[in-house]
Every structure is written in structure tokens, then in C-alpha cells.
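Per-entry structural report
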Amino acid sequence: MGSNAIPQSSNAHLTTPTRLTGAEIIWATLVGEGVTDVFGYPGGAILPAYDALRKFPIHHTLVRHEQGAAHMADGYARASGKVGVAVATSGPGATNLITGIATAMLDSIPMVCITGNVSSKVLGTDAFQEIDITGITLPVTKHNFLVSKTEDIAPALRHAFQIAQSGRPGPVLVDITKDAQQGTAIFDFAAAKPRPYRPHPMLGTDESSLAGAAELIRNAKRPIILAGHGVIESGAMEQIRTLAERAQIPVALTLLGLGGFPASHPLNLGMMGMHGEAWVNHAIQEADLLIACGMRFDDRVTGTTSQYALKAKKIHIEVDPSEINKNIKVDVALVGDLRSVLEDLLPRIPGRDGSAWIKTIEASKGAVAVRDIKNLPDSGHLYAAHVMHDLWRITGGDAIVATDVGQHQMWEAQYFHHEKPRSLITSGGLGTMGFALPAAIGAKTACPDKEVWVIAGDGGIQMTASELSTIVQEGLKINIAIINNGYLGMVRQWQEFFYERNYQSTPLVSPDFVKLADAHGIKGRAVRTRAEVADAVNEARSHSGPFLLNFMVEKEDAVYPMIPAGSALHEMIRRPGKNPLVESPDDK
Amino acid sequence: MLHTFVAYVEDLPGVLTRVASLFRRLNINISSLTVGRSERPGLSRLTLVCDASAEAGHRIRASLFKLENVVDVDDIAQAPSVTRELALIKVAATPENRSQIFELAEVFRARIVDLAPESLMIELTGVESKIEGLIQVLNESEDRILEICRSGKMTMRRGHHTSRVLRAMGAPAEDSANAEPTENFEDRAAVEPE
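As the structure is a computational prediction, the values presented were derived from the model and not from experiment.

With that out of the way, let us pick up the overall build of chain A. If you tally the helices and strands in chain A, you get 25 helices and 20 strands. The globule rule puts the C-alpha radius of gyration for 588 residues at 25 Å, and the 25 Å found for chain A is close to it. Its C-alpha atoms put chain A at 70 × 65 × 45 Å along the principal axes. Scored against the burial criterion, the 588 residues of chain A give a buried share of 58%. For chain A, the share of sequence-separated contacts (at least 6 apart) that also reach a separation of at least 24 residues comes to 75%. Total accessible area computed for chain A in this model is approximately 21500 Å², and 53% of it derives from carbon and sulfur atoms. Here chain A carries 53 positive and 61 negative side-chain charges, and the mean point of each set is 3 Å from the other.

For the rest of this paragraph, the subject is the nonpolar core. Residue and element names in this part refer to chain A. Within the largest apolar cluster, 64 residues are counted, with the highest numbers of intra-cluster contacts made by Ile317, Leu345 and Phe551. Of all the elements, helix α19 (residues 384–395) adds the most residues to this core, at 5 residues. Built from parts of two domains, this core gets at least three residues from each of domain 2 (207–365) and domain 3 (368–552). Setting aside residues up to four positions removed in sequence, Phe551 forms contacts with Leu382, Val387, Ala481, Ile482, Ile483, Asn484, Val527, Val533 and Val537. Counting residues in hydrophobic clusters, the runner-up holds 47 residues, among them Ala70, Val454, Ala456 and Leu468.

To continue, consider the domain arrangement of chain B. Accessible area lost during the coming together of the parts is what is often quoted as the interface size. Examined at the domain level, chain B breaks down into domain 1 (2–78) and domain 2 (82–150). Each of domain 1 of chain B and domain 2 of chain B has a C-alpha centre, and the two are 31 Å apart.

Our focus in this paragraph is empty space enclosed by the protein. Residue and element names in this part refer to chain A. As enumerated under the stated definition, the model contains 3 cavities of 30 Å³ or more in all. A volume near 130 Å³ is recorded for the largest cavity. Arg78, His229, Ile232, Glu233, Leu255, Leu256, Leu258, Arg422, Ser423, Leu424, Ile425 and Thr426 together form the lining of the largest cavity. Mapped onto the lining of the largest cavity, the elements with two or more residues apiece are α12 (229–234) and β16 (424–425). Top contributing element to the lining of the largest cavity by residue count: α12, with 3 residues. Its residues placed into classes, the lining of the largest cavity shows 6 nonpolar, 3 polar and 3 charged. Each of domain 2 (207–365) and domain 3 (368–552) contributes no fewer than three residues to the lining of the largest cavity.

Moving on, we get to the pattern of salt bridges. Scanning the entire structure with this criterion turns up 30 salt bridges over all chains. As a salt-bridge pair, Lys66 of chain B and Asp320 of chain A come within 2.6 Å of each other at their nearest N and O atoms. With Lys66 of chain B in helix α2 (residues 56–66) and Asp320 of chain A in the loop between β13 (313–318) and β14 (332–335), this pair bridges two chains. By relative accessible area, Asp320 of chain A is classed as buried at 2%. Through salt bridges with shared partners, a single ionic network connects Arg168, Asp320, Glu323 and Lys326 of chain A together with Lys66 of chain B.

The subject of this paragraph is the sheet that holds strand β4 (residues 70–75) of chain B. All names here are of chain B. Across the sheet, 4 strands lie side by side as β2-β3-β1-β4; this open sheet has antiparallel pairing. Each edge of the open sheet carries a strand with a single partner, namely β2 (30–37) and β4. The sheet shows a mean angle of 15° between the axes of neighbouring strands, taken without regard to direction. Against the sheet, helix α1 (residues 15–25) touches β1 (2–10), β2, β3 (43–51) and β4, its axis set at about 20° to β3.

The next subject is the packing of helix α11 (residues 207–219) of chain A against helix α16 (residues 338–345) of chain A. Packed helices, taken two at a time, are described by the angle their axes make and the gap between the axes. All names here are of chain A. Across the interface, α11 lies against α16 with an axial gap of 10 Å and an inter-helix angle of 70°. By the criterion of interaxial angle, the relationship of α11 to α16 is roughly perpendicular. For the pair formed by α11 and α16, the contact residues are Leu210, Ala213, Ala214 and Ile217 on the first element and Val341, Asp344 and Leu345 on the second. Classifying every residue of the contact of α11 with α16 gives 6 nonpolar, no polar and 1 charged.

Between chain B and chain A, the contact holds 19 residues from the first and 18 residues from the second. For the pairing of chain B and chain A, the buried interface totals around 1600 Å² over both sides, and the portion due to carbon and sulfur atoms is 56%. Three residues, Arg18, Lys66 and Glu68 of chain B, lead the burial of chain B against chain A; their summed loss comes to 38% of the area buried on that side. Here chain B and chain A share 3 salt bridges between them. Across the pair Glu68 of chain B and Arg195 of chain A runs a salt bridge, and its minimum N-O distance is 3.1 Å. The tally of links from chain B across to chain A stands at 10 residue pairs in polar contact (both at pLDDT 80 or more). Residue assignment for the side of chain B that touches chain A shows that the elements contributing at least two residues are α1, α2 and β4 of chain B. Looking at side-chain class alone, the side of chain B that touches chain A contains 6 nonpolar, 5 polar and 8 charged residues.

Another point: a nonpolar patch on the surface. Residue and element names in this part refer to chain B. A cluster of nonpolar side chains, contributed by Phe102, Ile112 and Leu115, occupies part of the molecular surface with about 240 Å² of accessible area. With respect to the helices and strands, Ile112 occurs in strand β6 (residues 111–115). Residue classification places Ile112 among the partly exposed residues on the basis of a relative accessible area of 31%.

Here we come to the environment of Ser129 of chain B. Secondary-structure assignment places Ser129 of chain B in helix α4 (residues 128–140). The spacing of Ser129 of chain B and Val73 of chain B is 56 residues in sequence and 26 Å in space, taken between C-alpha atoms.

Along the chain, the position of Glu10 of chain B falls in strand β1. On the basis of relative accessibility, which here comes to 18%, the residue Glu10 of chain B falls in the buried class. Not counting chain neighbours up to four residues away, the residues in contact with Glu10 of chain B comprise Arg195 of chain A together with Val15, Gly42, Leu43, Glu68, Asn69 and Val71 of chain B.

Residues and elements named next belong to chain A. Assigned domains of chain A: these are domain 1 (7–187), domain 2 (207–365) and domain 3 (368–552). The C-alpha centroid of domain 2 is placed 38 Å from the C-alpha centroid of domain 1. Looking only at domain 1, the three residues that lose the most surface to domain 2 are Leu106, Asp107 and Arg168, adding up to 64% of its buried area. Taken together, domain 1 and domain 2 are joined by 2 salt bridges. For Asp320, the salt bridge goes to Arg168, with nearest N and O atoms at 2.9 Å. Here the residues of the side of domain 1 that touches domain 2 sort into 4 nonpolar, 2 polar and 3 charged.

Within this structure, the stated rule accounts for 8 aromatic pairs over all chains. Considering the side-chain rings of Phe297 of chain A and Tyr308 of chain A, the 5.9 Å spacing of their centres and the 75° angle between planes classify their relative orientation as edge-to-face. Here Phe297 of chain A, found in the loop between β12 (289–293) and α15 (299–302), pairs with Tyr308 of chain A, found in the loop between α15 and β13; they are 11 residues apart in sequence, far enough to count as distant. The class of Tyr308 of chain A is buried, set by a relative accessible area of 2%. Connected via pairs of aromatic rings, a cluster forms that spans Trp494, Phe497, Phe498 and Tyr560 of chain A. It is Arg492 of chain A that lies over the ring of Tyr487 of chain A; its NZ or CZ is 5.6 Å from the centre. Cation over ring: Arg40 of chain B sits above Tyr8 of chain B, and NZ or CZ is 5.1 Å from the ring centre.

Reading guide: rules and limits
- Residues numbered from 1 in each chain as written.
- Chains lettered and ligands numbered in written order.
- Predicted model: local features only at pLDDT ≥ 70, side-chain atom pairs only at ≥ 80, totals over all residues.
- Heavy atoms only, no water.
- Helix = DSSP H or I, 4+ residues; strand = E, 2+ residues; numbered from the N terminus.
- Rg over C-alpha atoms; globule rule 2.2 N^0.38 Å.
- Buried < 20%, exposed > 50% of the residue type's maximum accessible area, 1.4 Å probe, protein only.
- Contact = heavy atoms within 4.5 Å.
- Areas by Shrake-Rupley, 256 points an atom, 1.4 Å probe, with all protein chains shown as cover.
- Lys, Arg positive; Asp, Glu negative; His and termini not counted.
- Charge placed at Lys NZ, Arg CZ, Asp CG, Glu CD.
- Core = buried A, V, L, I, M, F, W, Y, C linked by side-chain atoms within 4.5 Å.
- Domains from an automatic or database assignment.
- 1 Å grid on protein atoms, 1.4 Å probe; cavity = no way out; pocket = protein on both sides within 12 Å on 5 of 7 lines; lining within 4 Å.
- Points joined across faces, edges and corners; volume = space filled by probe spheres on them.
- Nonpolar A, V, L, I, M, F, W, Y, C, P; charged D, E, K, R; others polar.
- Salt bridge = Lys/Arg side-chain N within 4 Å of Asp/Glu carboxyl O.
- Pairing = 2+ DSSP bridges.
- Axes fitted to C-alpha atoms, helices over the stretch in contact; angles between N-to-C directions.
- Parallel < 35°, antiparallel > 145°, perpendicular 65-115°, else oblique.
- Buried area = accessible area lost by both parts, 1.4 Å probe.
- Polar contact = N/O pair within 3.5 Å; in protein donor to acceptor, adjacent residues only side chain to side chain.
- Patch = residues over 30% accessible without salt bridge, like charges linked within 9 Å, V, L, I, M, F, W, Y side chains within 5 Å.
- Phe/Tyr/Trp six-rings, centres within 6.5 Å; stacked < 30°, edge-to-face > 60°.
- Lys NZ or Arg CZ within 6 Å of the ring centre and 35° of its normal.

As C-alpha cells, then:
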């Protein structure tokens, strides 16, 4: 990229208004917004932009499918906190982005997608590869733009960056016609600045709400902090920790909140919800105060809402006013950026003795030594939990892990303990299979010095396995762990529990993933016993290039505990006695 | 319950789709929608009426505000306000039976705005029930309604009200912004013939 750029002019046009083509304006605006990496796939309607790319200090990762581009931009944003950028051509290029855009929308990820479109003269005529992508993406973007004039490109893109990052973040799509890319206009980066950011008018953290929240916290006997993705998005890790430590309040995390509060912290209860541990969900049901921070009471977290935490008052600190009282009625709403709300709230929170409540929860956990599966005897079976556990131990929990969706995702959340924010990259809201591999490519691009692992099932990996070539072309050191049980595991588990073991369409024939890796020039190894796990993980880590591990795990293992959809939080399906992965003496 | 939202939106392509799409996603039918220019350059004012649960009002308003092109939203279901609708009604009428329609128009304070040998057009402004009333009377009489065109509801708060939001955004507003009208005017034009 360095040799392709024009060093003397690459930044001059950011300060001096210059006549440029629309194509050049796209990249010049991105450079001005601090973009260094984009993920994309060229095609007819975006070709003028690609033609101009070599003049700008932006690294382009060629993907194998545009869905991959969107997931990579998403993974890039989740790992770095910066805006991820995906580029695609019109028609099928644009429609292929949609699953990735929706994934980012549901998880509030700042992302800008740029698509080419046919010339403005033929818009709406069903021209070759023309599609109404702004119409299609309207419900899955925070906002989108259709740009048909060269002079509108820079203002639209700068506005898109503002929208993507502000308030509750989200994806923005900018569709730019081919003639707008080909025309010229005076590029004035400063003048293209969007209007000042308009905070949502229904934000509100007035004196009485803050005082009310503080009083609820002071008087609570059994409080719990529910920490969600907002902790990470808002950068409120320190504030949450201060609140928890000062008032001695235990913290339960949502899936996307993992890493927002250190897993090893004595006040960390772990993940709540459908596959959260029994003591966490029981504690929520017994609590007399829930302090919900940057989370939205998703149905995977609450179980049936009519039975959810009935004994508890609720404080909801949330940046999006439309989330207040949406799923769960709350007593005090503090609507604003989590970090600044907590900073306003903390001076009102005195030290507090929470030991009795913490002891009650601790007692319900049972002995930690029993839960540590390292201490369990080798039964000859390889369980996914072993893989997660060993990966966590061997990497010191310091890697960035990107997961797909399903059983392996939940096992990862249960057994890989995340100490730091942005270390778990997973599709929570939309639950997108095929997310892990491309998202990891984005994460590795954003954080080249970090160890990055893909953890995916044998089903999900095949949805986007073509991106293995992208890893090779980009020369990325990414390790891939496939949790291979020969089934679409989570669906099979639902069939086992709720559909009388009618395993319709869930047994899965897969290629030999090690040979598949080999065909891509990626080294690989199959792992069939628990004894091999550590050695295999170490081999993958020490190998200089990408490495694929195919873990052949127990076929019909299930994720426990589990709250059946529509049941109350305390109505969990517990681990069966025969399962060697007993987590607690409580789990009979 | 019936919700009435008044919103200021940017006068740009696609904005109406974004607003309508929000209701579509919630599977809420929009029963009436009027849009036109407002006192603020570049902004259109719309009045949107829909039937939704009482709790939905807060969320709909909050969600409308999340749309980038929406500048202000007011939920005025319960507030003192004036609501009007405009209707154009074309009735089959010959020179022989016109006079009874003229009388009817008089009673409803409607105007005849077009006269043709075989038809005439009535313009009527008022609340929904007044317009429904005239239509019912026309249906019950011998007169044949050929066409009806109704504008949908337009609503404005009474008194010197400017929304909290507008004031927070620095729009000009008086101190008496939230004051209720001192005199509770009867909705004069809404007086209906029995």
C-alpha cells in the first residue's frame, strides 16, 4: 500500500479544496475519517472507485463473498472500536452484504458499507445488476444514503461515519451511482462536515432519577448488576467495576457483555440467561434490585418476561430511549451514555456491605474445584468443553476469539473466560452462522499483533469457508478450531429436548477439514482425544502461518443448563447425572 | 387506543418510507397520514394517526426520533388540540334536484366548488364525525355519491404550545410555551346538525 500511495498529495487535499473525481472523493473522505483498511469485492458499478484506490493509503482485503466483507468490517469494528468499512458492487454484490449488515444492526456495531450502483440516468429501469439496495437495507441499517451527484459523496460519507458511531452505534450504507463516481467535484473535506450531532431528545438523567437510583442501590439487600454490550461500546469498564466494588454488588453478564467485567473478578457471576449457570439465573430471580447497564432485556436473557425477576426493582441505564420499558418494565430509567451516567451516579453511591447476599450466591455455586474440568478424570471422550477450557488455559485467555452461532458458541461463553473487552467477537442478536471466520479476519486486520482464534462448528464454518483463501492471500496468522460433532448441534439439541429426538436434517456430512485446509495451503490437524488437545493447540500457536484444528468431539453432547424458550429463568434443564462435566454439586 | 403523532421531517426523498416502514415493522396500520410544508424551511409536517396499545406510544415516539430525517415528534393523543379533515365529495345531481343538496351544504357549512350538468362537488372541512355525517345523509337521501376524496386528519395543539423538544433544540418559543389555553373554546366548526 505504501508504494502505491502518492505521499505528497495523499493528505494535501484534506486541507486544500481540490477538484477530484467522485471515485477519488470516496477514498479521500475515508482517509480523512481515519480509515486504513476496507474489505470488499469489485464489480462493474464500483469499478471507478477501485480504479482510484491505488492512489490512497488504504489497504483493501479482497473477500470471496460480500457477506464476508460485511462480517470482516464488523469484526474489525468489534476488535478495534473503530468504524469498519465494507465495499461492494451493485446488484448481487450489494444484496450479499445484507446478512452482514443485519448482524451489525442487531449488535449495534459501527460500520459503513459502500455500494456502487448503476448510473443515475438508468436508476429504476432494471438495468444490469441494478437493485434498490437503499430500499432493501432500510430496516437493517441505522440510516442509508443514495448518492447520485459527485458533490454529495463527501457529505454523505462523513454523515454516515457520524451516524455509525454516535448514540447507539450501527451500520450505515452509502449507495453511490457510477456516474457520481465518474464525475468531478471540488473536494473540501472540512466543508463536508455533517451538521452537529443531535442527541436523541428523549435522553434524560435528571436529578430525581439519579437520586432515585442511588436510593434504590443504598437500600437494596440483594442487588445484581446486569452488564451488557453497552459497557464495552461506551467504554464504561472502569465505572462498572467501581460501582460493583464500592457497593459490593455482584455482576452478571450478557453474551455480548463478556469481557466488559473481568471473568476472574470475585464479584463476577458469569453469563446470565438461556445457557447461563444456574446460580446466576437463580440469583436474578431472587434479587431485590437489578441494575441493568447497557443491555436490552433480550428474550435469551429474560426467559418468559411474565416470570422475570418479580421480586426486583429495576434500574435501566441505556443509551436508546426506545429500549426503555420495551421488554421489562423498569422503576428508574437513566437514559444516556452509560459511562457518563455512571460517572454522575457514582458520587451518590456510598460504600456498602454486600457480604450476606454474596455469601448466599457463593453457597449456591458449590465448590469451584469440582467445576474445573481440568480436575475431572479423562473418560476417553472428547468434549467441546475440554477444547474451550484448554484453549483458555493455554492462551492465558489473552486471545481474541471469534465464534459462530450454536453449541460451540455457548460452550465458549461458559468455559473460555474473558478478562478484557473486545476479546470475544460473536453474533449475539441475529445469531449468524458463518460469522466467525470472516469476523476473525477483520479482527486480525485491526489487531495484527493479537493472537486470533476462530471457533466454529462444522455447520457454520461451511457457510463462509471460502474465506480461507482470503486468510492465505492476506497472509494472516489465524488459528481455526472446528468443533466437529457431525450435527447442526444446537438444532439437534432442540430436537432432542423438544421434538422427541427427531433428528430431521441435522446430521451433517462435511469434507475432511484438514484436507480442505491443505488445499488452501493451510496446515491442519485432526484431534480425537482429550490427551491430544494441548499439544495440538500448542502446535497451532507456534506455527508461523494459519492453522486449522479439527476437533472430533462427542456427537450428541448438549449445552447445559438450558432454559427452554418461553420458560422462566429458574426453570432450567440441568446437567444429567451421567455427564462428566458436572459443574456444581447442585447439578444433580 | 388511537395515537396521533405530529412530526417534523426533512423534505427529502424516501423520508416517508422510513416513517411508514417503522409502523409496518410493528404491524400497526396507519389509519390516516397527512404531509405538507411547515413553517420551517426544508421541513415537512406530518400528522399520523394509528391504533396501538397505550404503552406503544412512548416506544413509537422514541423510535421515530431515531430516524435520521425526523426532527421533532409530538404525541398529542390526550392534549387539547384542534383536528380537521378536508373532504371533496362529488354527487350526481341534475339541475332539478340540485337545490336540496345546496340546502344540505348550507347546514353542514360546506361549499359547492364545482357544478356540472350531471354532478356537483362539495368541499367540506371539519372533524371526522362531521364529514361522516354529511356522507351518511347523502347516502340516505336519493343523491348518488360518485367520488369521495378525504385528506386525512391534521392536528395542532391548542394555545401557544411549542414542544419541549423544539425548545431544547433552540427553536423560538415563548415562556408560556406549555400554558393551556385560558379559555376552553368550543370546537365551533364541529357543531353538527342532528
